[in-house]
Amino acid sequence: MKKQPNRFGGGARTNANGLHFEQTTSLTTALINAGYTVIQNPEKNIVFKNGKEIGIAVSQNQLYKGFLTLQGINYKDYNSKKWCPDDAFINFENQTAYIIEKKFQNTSGSVDEKLPNCHFKKLEYQKLFCNDKLNFKVEFIYIFNDWFQDPRYKDTLQYIIDTGCHYYYNEIPLNLLGL
């Protein structure tokens, strides 16, 4: 998947730069480029392999509209806040929800402090997927730009691994999604 992360801006431009990075690491695009058939609609993107439905790709609020609500899950019964991932892949074959958060940074800032929250967020998503109505596992994955390869993130990156979460740089590893 070819991408050109934005290397300019920061401060007031952080949201625009982050959005550009998120658009260059699209799960749906990665699936299509890898040869999967994806039928897109406003609520979810249905993913097929060899004509068989294998899962859905959703982002933000689509997680609720396109999957959880249809399964009878009202997030308020499990979480006090609605968590909206940048992307998620719900793999029907291995019953796993892969939650994908994308973090773009080009200067020190508030993203640094958000990274250790991966364990908390994974626990929150587990409440939604590992309950009496659903029996899915949850994997939490960060997709970082190259900024996070700086040695000052060594401890944070180790913490992400130690808490059972994952991170990758600039692309979505489809093999990690059970594909």
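Scroll up to find the structure this text is about.
Below is a summary of the structure that appears in this document.

Cut-off values and rules
- Residues numbered from 1 in each chain as written.
- Predicted model: local features only at pLDDT ≥ 70, side-chain atom pairs only at ≥ 80, totals over all residues.
- Heavy atoms only, no water.
- Helix = DSSP H or I, 4+ residues; strand = E, 2+ residues; numbered from the N terminus.
- Buried < 20%, exposed > 50% of the residue type's maximum accessible area, 1.4 Å probe, protein only.
- Contact = heavy atoms within 4.5 Å.
- Salt bridge = Lys/Arg side-chain N within 4 Å of Asp/Glu carboxyl O.
- Pairing = 2+ DSSP bridges.

**Focus: the side chain of serine 26**
Okay, step 1: Looking at the secondary structure, you find serine 26 in the loop between helix 1 (14–24) and helix 2 (27–33).
Okay, step 2: According to the relative accessible area criterion, serine 26 is buried, its value standing at 18%.

**Overview of the environment of isoleucine 73**
Okay, step 1: If you trace the backbone, isoleucine 73 turns up in the loop between helix 3 (62–68) and strand 4 (87–91).
Okay, step 2: Between the C-alpha atom of isoleucine 73 and that of phenylalanine 129, which follows or precedes it by 56 residues, the distance is 8.8 Å.
Okay, step 3: The contact partners of isoleucine 73, leaving out residues within four places of it in the chain, are Leu68, Tyr78, Leu128, Asn131, Lys133 and Leu134.

**Re the pattern of salt bridges**
Okay, step 1: On inspection of all chains with the given rule, the structure shows 4 salt bridges.
Okay, step 2: Among the ionic pairs, glutamate 124 bridges to lysine 127, the shortest N-O distance being 2.8 Å. Of this pair, glutamate 124 and lysine 127 both sit in helix 5 (residues 118–129), 3 residues apart, which is roughly one turn of that helix.

**Topic: the pairing of strand 2 (residues 45–49)**
Okay, step 1: Along strand 2, 4 of the 5 residues are buried, which leaves the element largely enclosed by surrounding structure.
Okay, step 2: With 4 bridges joining them, strand 1 (residues 37–40) and strand 2 adopt antiparallel strand pairing. Paired with valine 38 across the bridge in strand 2 is valine 47.
Okay, step 3: The turn linking strand 1 back onto strand 2 is made up of 4 residues.

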